[in-house]
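# Architecture at a glance
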Amino acid sequence: MSGAPAPAWLRWLPVGLLILIPLLQTLVERPVDLGFLLGAIPPLATLGYGPLGTALFSAAVLVLLNISEVNLDRPGQGDLIVVTFVALLSIAISWMRRRRAAQITTIRTVAEAAQLAVLPPLPPRVDGVRCAGLYRPAQRGTLVGGDLFDVRRGPYGVRALVGDVQGHGIAAVGTVTAILGAFREAVLDEEELAGVATRLDRRLVVDAQDAAAGAITVARVPEGDPDSVVGEPPAGQRSDPTSGELFATALLLEFRPHSGEVRVVSCGHPAPVLLRGTTAHEIEVQPAPPLGLGIAGLARPVERAVPLQPGDRVLAVTDGVTEARNDADAFYPLVDRAAQLAAEDPAELIAAIWRDLVAYARTIDDDVALLVFAPDPEGEEPDTGTVTGEVLDTREGTNKEARGEG
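Starting from 1, residues in each chain are numbered consecutively following that chain's sequence as written. Reporting in this predicted model follows two pLDDT cut-offs: at least 70 for local features of residues, and 80 or more for side-chain atom pairs to be given and counted; totals over whole chains, interfaces and linings ignore these cut-offs and use all residues. The side-chain quantities take in all heavy atoms of the structure and omit both hydrogens and water.

### Regarding the overall build of the protein
- Within the protein one finds 10 helices and 12 strands.
- Three labels apply to residues, based on accessible area from a 1.4 Å probe with only protein chains included: buried if under 20% of the type maximum, exposed if over 50%, partly exposed otherwise in between. Here the protein holds 406 residues, and the buried ones make up 41% of them.
- Look at the contacts in the protein between residues 6 or more apart in sequence, and 70% of them connect residues 24 or more apart.
- Summed over its atoms, the accessible surface of the protein is roughly 20600 Å², and 57% of this surface lies on carbon and sulfur atoms. Helix and strand definitions here come from DSSP, where helices need a minimum of 4 consecutive H or I residues and strands a minimum of 2 consecutive E residues; each element is numbered from the N-terminal end. Contacts are assigned to residue pairs with any non-hydrogen atoms lying within 4.5 Å of each other. All accessible areas in this document rest on Shrake-Rupley with a 1.4 Å probe, and a residue is counted as covered only by the protein chains that are shown.

### Observations regarding the pairing of strand S3 (residues 147-154)
- As judged from the eight bridges shared by S3 and strand S4 (residues 157-165), these two strands associate in the antiparallel manner. Within S4, the residue paired with Asp150 across the bridge is Leu161.
- Being paired, for any two strands, means DSSP has found at least two bridges between them. The antiparallel hairpin formed by S3 and S4 contains two residues in its connecting segment.

### Structural notes on the pattern of salt bridges
- Put simply, a salt bridge is a Lys or Arg side-chain nitrogen that is within 4 Å of an Asp or Glu carboxyl oxygen. Scanning the model with the defined rule gives 18 salt bridges in all.
- Salt-bridge contacts for Glu254 lead to Arg263; the nearest nitrogen and oxygen are separated by 3.9 Å.
- For Arg263, a relative accessible area of 26% translates into the label partly exposed.
- It is possible to trace a salt-bridge network through shared partners that takes in Arg159, Glu254, Arg256, Glu261, Arg263 and Glu303.

### A few points about the packing of helix H2 (residues 41-48) against helix H3 (residues 51-65)
- At a closest axis distance of 9 Å, the pairing of H2 and H3 adopts a crossing angle of 160°. Taken as axis vectors, H2 and H3 run roughly antiparallel relative to one another. The two elements H2 and H3 meet at a crossing, and its hand is right-handed. In this structure, H2 contributes Ile41, Pro42, Ala45 and Thr46 to the contact, and H3 contributes Thr54, Phe57, Ser58 and Val61. To obtain an axis, a line is fitted to C-alpha atoms, over the contacting stretch when the element is a helix, and the angle between two such axes runs from 0 to 180 degrees between their N-to-C directions. Just so you know how the angles are binned, under 35 degrees is roughly parallel, over 145 roughly antiparallel, 65 to 115 roughly perpendicular, and the rest oblique. Note on convention: the crossing is left-handed when the near helix lies turned anticlockwise from the far helix by less than a right angle, right-handed when the turn is clockwise.

### A look at the sheet that holds strand S6 (residues 261-267)
- The strand order across the open sheet formed by five strands is S3-S4-S5-S6-S9, and the pairing between neighbours is antiparallel. One side of each edge strand has no neighbouring strand; the edge strands of this open sheet are S3 and strand S9 (304-307). Pairs of neighbouring strands in the sheet enclose a mean axial angle of 20°, with direction left out of account.
- Summarising the sheet, S4 and strand S5 (residues 248-255) pair through eight bridges and their orientation is antiparallel. The residue of S5 that forms the bridge with Ala160 is Leu253.
- Together, S3, S4 and S5 form the strand contacts of helix H5 (residues 173-189), whose direction differs from that of S3 by roughly 15°.
- Sheet strands touched by helix H6 (residues 193-212): S4, S5 and S6. Its angle to S5, the strand with the most contacts, is close to 155°.

### Focus: the pairing of S6
- Of all seven residues making up S6, five are buried, and the element is well covered by its neighbours.
- In the sheet, S5 pairs with S6 via four bridges, with the strands oriented antiparallel. When the bridges of S6 are listed, Leu251 appears paired with Ser266.
- Between the antiparallel neighbours S5 and S6 lie five residues, among them His258 with a positive phi of about 60°.
- As judged from the four bridges shared by S6 and S9, these two strands associate in the antiparallel manner. Opposite Arg263, over in S9, you have Ala305 as the bridge partner.

### Quick notes on the packing of helix H1 (residues 8-27) against H3
- Between H1 and H3, whose axes approach to 11 Å, the crossing angle comes to 5°. As far as their axial angle goes, H3 and H1 are roughly parallel. Contacts between H1 and H3 involve Pro14, Val15, Leu18 and Pro22 on the former and, on the latter, Phe57, Ala60, Val61 and Leu64.
- Throughout, the ten residues Ala, Val, Leu, Ile, Met, Phe, Trp, Tyr, Cys and Pro are labelled nonpolar, Asp, Glu, Lys and Arg are labelled charged, and all others, Gly among them, are labelled polar. Class assignment of the residues belonging to the contact of H1 with H3 gives a composition of eight nonpolar, no polar and no charged.

### Some remarks on a nonpolar patch on the surface
- Residues Leu20, Leu23, Leu24, Leu27 and Val28 make up a contiguous nonpolar surface patch of roughly 430 Å² in combined accessible area.
- Counting through the fold element by element, Leu20 comes out in helix H1.
- Judged by its relative accessible area of 41%, Leu20 falls in the partly exposed class. Each patch is assembled from residues with relative accessible area greater than 30% and no salt bridge, linking like charges that lie within 9 Å and nonpolar side chains (Val, Leu, Ile, Met, Phe, Trp, Tyr) that lie within 5 Å.

What follows is the structure, encoded as structure tokens:
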């Protein structure tokens, strides 16, 4: 079965009823008939057992109803037909539950594989930069949402991308995939960080044009029907030529070897935060328009070079963090909280900020991405066996559910 096994009490309940009901019948006066309670055992068995177990409990119920020594009133023909029908129906339901659970397990496995392909775990170190990250999609039941991140090394140093595409959940996954693919190519080809941003923008502009022309369609699987085949969508679900808009905010970071600085390009994205000791402040950047609006034809993004000192950390987030509100409708004060929670280890800092965010916000309804980069050129070689990046399960749907688990 998929998911957690049935609790022990639920598995023991049908067994207890099989013993308790005949026992009680022997203790009460004859006019009181408890035999009808046995009919509830097969449906209860479906909650904790598969088809075989449900069939065994159903058979035991029918046997007990026909043993006169048990002191149960012998059921009439109509009663036996009803109990038999309930038993057969319970077996069928149990079989369908088992089959659906197997399907869900398969779908979940495929989804996890797709998530690892789209957003692979963040390594603890990329060349001379220590990394830690946390990702939480807003939509329940998904592993990938509208936020994205990636860290790649290339001929021009270590480059990182943090972004937030239009929408969230399943509908945004295609845009996320397109941006990440373009970023991984641009890291190798573009000498300047602004050129990387231009390549990402062009990717979205082209995809938006294809969508508007109907070259890109989105096939939806009917909800609750995992057997459906994904193919050509109905006419009503094809791309609307009037809604072919794709855009995303993005933050690009570059750590060149032995440069002692971080280069930053922002395309409509929240500014990164520089943590130095127990102080924190936003890095002032000149934001370019979001990706997908044709920034190549407007103005080339402006790079900002910021000198770094040993021990500095750079924190990048998406607006799921900065726009989280408390009960007083106040936004989460990221800079102030980050300074108070400053930790030298990137993974510890990420965990501390997440716990604080969960405690602060009344709900977290948007995708959340948190990443910390700590240049450390004198550190050890990359350790590919450890993963500090984390994708949080969407069951942490509210601050109360996640409180103390971050």
